[in-house]
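# Overview (structure and organization)
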Amino acid sequence: MNVDEITKFRVRQKVRLPEDIAKNKEGVIIGIWICEIGIQYKVRYFWQGKAEEIYFYQDELSEAE
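The text that follows walks through the structure, step by step, so that each part is easy to find. Since we're looking at a predicted model, the values are computed, not measured. (Residues numbered from 1 in each chain as written. Predicted model: local features only at pLDDT ≥ 70, side-chain atom pairs only at ≥ 80, totals over all residues. Heavy atoms only, no water.)

Strand-to-strand pairing in sheets goes through backbone hydrogen bonds, with the strands running parallel or antiparallel. Read across the open sheet, the five strands follow the order 4-3-2-1-5; overall the sheet is antiparallel. Looking along the sheet, the strands with just one partner apiece sit at the ends: strand 4 (50-57) and strand 5 (62-63). Note that strand 3 (residues 38-47) and strand 4 share eight bridges and pair antiparallel. Bridge pairing links Y45 to E52 in strand 4. (Pairing = 2+ DSSP bridges. Helix = DSSP H or I, 4+ residues; strand = E, 2+ residues; numbered from the N terminus.)

Below you can see the structure in the form of structure tokens.
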């Protein structure tokens, strides 16, 4: 089974972050983890000129336009 068959997003895909983190902010998927409580995505984005990395679950992200 290919990881792309079970995940909503793929590595290097641009996604929109939740509004409570950063309104209208986009990031890039840099890793995917399948763990006991679901699929997590490691997302890299820039905030105030600094690169940040954070983990999100599938339902917390949306596709970037």
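Right, let's get into the packing of aromatic side chains. The tally for this structure, following the rule as stated, stands at two aromatic pairs. A ring pair is formed by W33 and Y55, whose centres lie 5.3 Å apart and whose planes are at 70°; its orientation type is edge-to-face. Taken together, the residues W33 in strand 2 (residues 26-35) and Y55 in strand 4 connect sequence positions 22 residues apart. On the basis of relative accessibility, which here comes to 38%, the residue W33 falls in the partly exposed class. A residue is classified by how much of its surface remains accessible, and Y55, at 41% relative accessible area, is partly exposed. (Phe/Tyr/Trp six-rings, centres within 6.5 Å; stacked < 30°, edge-to-face > 60°. Buried < 20%, exposed > 50% of the residue type's maximum accessible area, 1.4 Å probe, protein only.)

Moving on, we get to the side chain of T7. Relative to the elements of secondary structure, T7 occurs in the segment before strand 1 (14-16). For T7, the side chain forms a polar contact with the main-chain oxygen of F9, separated by 2.9 Å. Apart from the residues within four sequence positions on either side, T7 is in contact with I32, I39, Y41 and Q58. (Polar contact = N/O pair within 3.5 Å; in protein donor to acceptor, adjacent residues only side chain to side chain. Contact = heavy atoms within 4.5 Å.)

Take the pairing of strand 2 next. Taken together, the three bridges between strand 1 and strand 2 define a ladder with antiparallel strand orientation. Among the inter-strand pairings, R16 is bridged to a residue of strand 2, identified as E26. Here strand 2 pairs with strand 3 via seven bridges, running antiparallel. When the bridges of strand 3 are listed, C35 appears paired with G38. Turn length for the strand 2-strand 3 hairpin, with the two strands adjacent in sequence and antiparallel, is two residues.

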